[in-house]
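This is what each chain is made of:
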Amino acid sequence: MNISTMQQKINQEHNPFIAEAVFAVEALGERHIADKMANAKQLLDRLFPLANGSHAEVVCYVVYYQHLLACFADGSQCGLKQPQQFVALSGHRSEPEAILLKDDCGCHLELSFDRQGCIGSRDCAAIEDIQLERCLIDGRCQENRLKREWISLLHNDGGQPRSNKSCKRFTTKDGHEYQLSSRV
């Protein structure tokens, strides 16, 4: 038996095994993403609760006048329990590319949407990423500057903070440019 024939025989014997292994890894990856999304939406429910229902049940978010509305599969909708937590958006009000929320401590959370994205295409609300701003006060500066770092809750970035979002443009609820300031 020559090497080529032997290699073909090994491939034929192991292809089902390889296919099963690849399928198992993909299934684990899918469950891992689903688990991350479920945990991220639970965090949304704790930090930015809706007036009714859960972020896990939302099928889309829209901005209606100056309010963020969460829409559900049954056609109902509601806003945030604390409407002032919605501070800005990127994109069009009826189909935002991103929504920026702000907690009581002044740190932001960004929901970004992409129906074609690797995560957004699987999520009923098309959430592609949820990034949490980690605010660190730099005590070395006299002015006590705030250092802003962003951590993705859905994408694997090894828990490493990403650069700030100074290049991304956000619009306030009333149509003005929203600045992510670097000071407290």
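Computed from a predicted structure; not experimentally measured.

A.B. asks: I'd love a proper account of the environment of Asp 129, names of residues and values included.
C.D. replies: Topologically, Asp 129 is positioned in strand β7 (residues 127-137). Taking the C-alpha atoms as reference points, Asp 129 and Asp 114, separated by 15 residues in sequence, lie 8.7 Å from one another.

A.B. asks: So, the pattern of salt bridges: which residues are in play, and what are the values?
C.D. replies: Here the structure, examined in full by the defined rule, presents two salt bridges. The partner of Arg 169 in a salt bridge is Glu 177, and the shortest N-O contact between them spans 3.5 Å. Residue classification places Arg 169 among the exposed residues on the basis of a relative accessible area of 59%. For Glu 177, a relative accessible area of 48% gives the class partly exposed.

A.B. asks: Any details on unusual backbone geometry? Residues and values, ideally.
C.D. replies: Of note, Tyr 65 is a non-glycine position whose phi angle comes to about 55°, a positive value. The topology assignment puts Tyr 65 in the loop between β1 (58-64) and β2 (67-72). Even without being glycine, Ala 126 reaches a positive phi, approximately 65°. Mapped onto the elements, Ala 126 comes out in the loop between β6 (108-113) and β7. Residue class for Ala 126 comes out buried when judged on its relative accessible area of 3%.

A.B. asks: Before we move on, could you go through the pairing of strand β4 (residues 86-92) and cite the residues and values that matter?
C.D. replies: When you tally the buried positions in β4, you get five out of seven residues, the bulk of the element. Summarising the sheet, β4 and strand β5 (residues 95-102) pair through six bridges and their orientation is antiparallel. For Gly 91, the partnering residue across the bridge sits in β5 and is Pro 96. Joining the antiparallel neighbours β4 and β5 is a turn of two residues.

A.B. asks: Give a description of the layout of surface pockets that names residues and reports values.
C.D. replies: Each pocket or cavity is described by its volume, and for the second largest pocket that value is around 170 Å³. Forming the walls of the second largest pocket are Cys 60, Tyr 61, Val 62, Ser 94, Glu 95, Pro 96, Glu 97, Phe 113, Asp 114, Arg 115, Ala 125 and Ala 126.

A.B. asks: Residues and numbers for the sheet that holds β2, please.
C.D. replies: With antiparallel pairing, the three strands of this open sheet are ordered in space as β1-β2-β3. Each having just a single partner strand, β1 and β3 (77-78) make up the two edges of the open sheet. Examined bridge by bridge, β2 and β3 share two bridges and lie antiparallel to one another. Each bridged residue has a counterpart across the sheet, and for Ala 70 the counterpart in β3 is Cys 78.

A.B. asks: Break down the state of the cysteines for me, with residues and values.
C.D. replies: Tallying each qualifying case throughout the model produces zero disulfides. Looking at Cys 71, it has no disulfide partner, and the nearest cysteine sulfur is the one in Cys 60, 3.7 Å off. With no disulfide partner, Cys 78 has as its closest neighbouring cysteine sulfur the one in Cys 71, 8.9 Å distant.

A.B. asks: Explain the pairing of β6 residue by residue, including any values.
C.D. replies: When you tally the buried positions in β6, you get six out of six residues, the bulk of the element. The alternating pattern of β6 places His 108, Glu 110 and Ser 112 on one face and Leu 109, Leu 111 and Phe 113 on the opposite face, and all of these are buried. Bridge count for β5 against β6 is five bridges, and the pairing is antiparallel. Paired with Ala 98 across the bridge in β6 is Ser 112. Linking two consecutive strands that pair antiparallel, namely β5 and β6, is a turn of five residues; a positive phi of about 95° is found at Gly 106 within it.

A.B. asks: Could you give me a rundown of the environment of Asn 156, with the residues and numbers involved?
C.D. replies: Within the secondary structure, Asn 156 sits in the loop between β8 (146-152) and β9 (170-172). Placed 123 residues apart in sequence, Asn 156 and Ile 33 show a C-alpha to C-alpha distance of 9.9 Å. Those residues in contact with Asn 156, other than ones at most four positions away along the chain, are His 32 and Lys 36.

Cut-offs and rules
- Think of each chain on its own: its residues are numbered from 1, step by step along the sequence as written.
- Confidence filtering applies because this is a predicted model: local features only for residues at pLDDT of at least 70, side-chain atom pairs given and counted only at 80 or more, and all residues used for totals across whole chains, interfaces and linings.
- Calculated side-chain values reflect all of the structure's heavy atoms, with hydrogen atoms and water omitted.
- Under the scheme used here, helices are H or I runs from DSSP no shorter than 4 residues and strands are E runs no shorter than 2 residues, and both carry numbers assigned from the N terminus.
- Salt bridges are defined as contacts in which a side-chain nitrogen from Lys or Arg sits within 4 Å of a carboxyl oxygen from Asp or Glu.
- Think of it in three bands: with a 1.4 Å probe and only protein chains considered, a residue is buried below 20% of the maximum accessible area for its type, exposed above 50%, and partly exposed in between.
- DSSP bridges decide pairing: two strands pair if at least two such bridges lie between them.
- Cavities and pockets were defined on a 1 Å grid built over protein atoms only: a cavity is a set of grid points that admits a 1.4 Å probe from which the probe cannot escape, a pocket is an open set flanked by protein on both sides within 12 Å along at least five of seven lines, and lining residues are those with an atom within 4 Å of any such point.
- Grid points are joined across faces, edges and corners, and a volume is the space filled by probe spheres set on the points.
- For the purposes of this analysis, a disulfide is any pair of cysteine sulfur atoms at a distance within 2.5 Å.
- Note on contacts: a residue pair is in contact if any heavy atoms of the two residues lie within 4.5 Å.

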